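Chain by chain, the residues run as shown.
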Amino acid sequence: MAINLKNWKKIGEGNYSFSKQENRIGNLTIKSNVFERKATFEIENQLYHIKHIGFWKNNIEIVDTQGNIVLKTETEKWYSNATIIEFEGKKLKLIIRNNPLVEYAILDGETEILSYGLDVNDGKVATRIQTESNNQSYLLDFYLWYLFVPVAQENMGDDFTFLLLSTA
């Protein structure tokens, strides 16, 4: 894992800005109501939509503005803590684990390429990002943040600032 400074910043209700080493990469907007949770995000001027699919709405598709599916997930079992991700012609695996606090990790085979987890920093709960140096896709960061933000809000409160430091 390489050292990179990645930062998510809350810029409004349901709106987040993502940057790497002080360079703005894009924005994520999440809209929730009682029946659904939708998101739109922009990475380097390309727009994407996240939608839940399937009978239980537990699978996700990320679609670009041309209607192409760029990422699709399928849970291994309805009760599983692992999800198969189809992305860029590969089958990756998302797992949720305690390490020692909650952590969402994406694996390519046995190699962990990206993870978002809770950590304790100076007595406060913080978010930790670890990324493999060959992982060049920010789309996976937006997907993981979309999944992880409810956990972060629950543990850090609503007025949080995210310091996301990727470490080796």
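This structure is a prediction, so every number in the text was calculated from the model and none was measured. (Residues numbered from 1 in each chain as written. Predicted model: local features only at pLDDT ≥ 70, side-chain atom pairs only at ≥ 80, totals over all residues. Heavy atoms only, no water.)

Observations concerning the confidence of the model for the chain
Thought 1: In the predicted model, the chain carries a mean pLDDT of 87, and 90% of its residues have values of at least 70.
Thought 2: Contacts of residues 159-168 to residues separated by more than four positions or lying in other chains number 43 contacts, the stretch itself having pLDDT below 50. (pLDDT = per-residue confidence, 0-100. Contact = heavy atoms within 4.5 Å.)

Overview of the pattern of salt bridges
Thought 1: Enumeration over the complete set of coordinates arrives at twelve salt bridges.
Thought 2: A salt bridge links E36 to K38; the nearest nitrogen and oxygen atoms lie 3.9 Å apart.
Thought 3: Judged by relative accessible area, K38 falls into the partly exposed class, the value being 45%.
Thought 4: Among the salt bridges present, the one from R128 reaches E103, with a minimum N-O distance of 2.6 Å. (Salt bridge = Lys/Arg side-chain N within 4 Å of Asp/Glu carboxyl O. Buried < 20%, exposed > 50% of the residue type's maximum accessible area, 1.4 Å probe, protein only.)

Structural notes on unusual backbone geometry
Thought 1: For K57, which is not a glycine, the phi torsion comes out positive at approximately 60°.
Thought 2: With respect to the helices and strands, K57 occurs in the loop between β5 (46-53) and β6 (59-64).
Thought 3: The exposure class assigned to K57 is partly exposed, which follows from its relative accessible area of 49%.
Thought 4: The backbone of D122 shows a phi angle near 55°, a positive value even though the residue is not glycine.
Thought 5: Assignment of secondary structure puts D122 in the loop between β11 (111-121) and β12 (124-131).
Thought 6: The class for D122 is exposed, based on a relative accessible area of 75%. (Helix = DSSP H or I, 4+ residues; strand = E, 2+ residues; numbered from the N terminus.)

A short note on the side chain of E112
Thought 1: Relative to the elements of secondary structure, E112 occurs in strand β11.
Thought 2: Among the polar contacts made by the side chain of E112, one reaches the side chain of R97 at a distance of 2.4 Å.
Thought 3: Within polar-contact distance, the side chain of E112 engages the side chain of S115 at 3.2 Å. (Polar contact = N/O pair within 3.5 Å; in protein donor to acceptor, adjacent residues only side chain to side chain.)

Some remarks on the pairing of β5
Thought 1: Of the strand pairs in this sheet, strand β4 (residues 37-43) and β5 are connected by five bridges, and their pairing is antiparallel. Bridge pairing in β5 places E42 opposite L47.
Thought 2: In this structure, the hairpin formed by β4 and β5 is closed by a connection of two residues, where E44 is found at a positive phi of approximately 45°.
Thought 3: Strand direction decides the pairing type here: β5 and β6, joined by six bridges, are antiparallel. (Pairing = 2+ DSSP bridges.)

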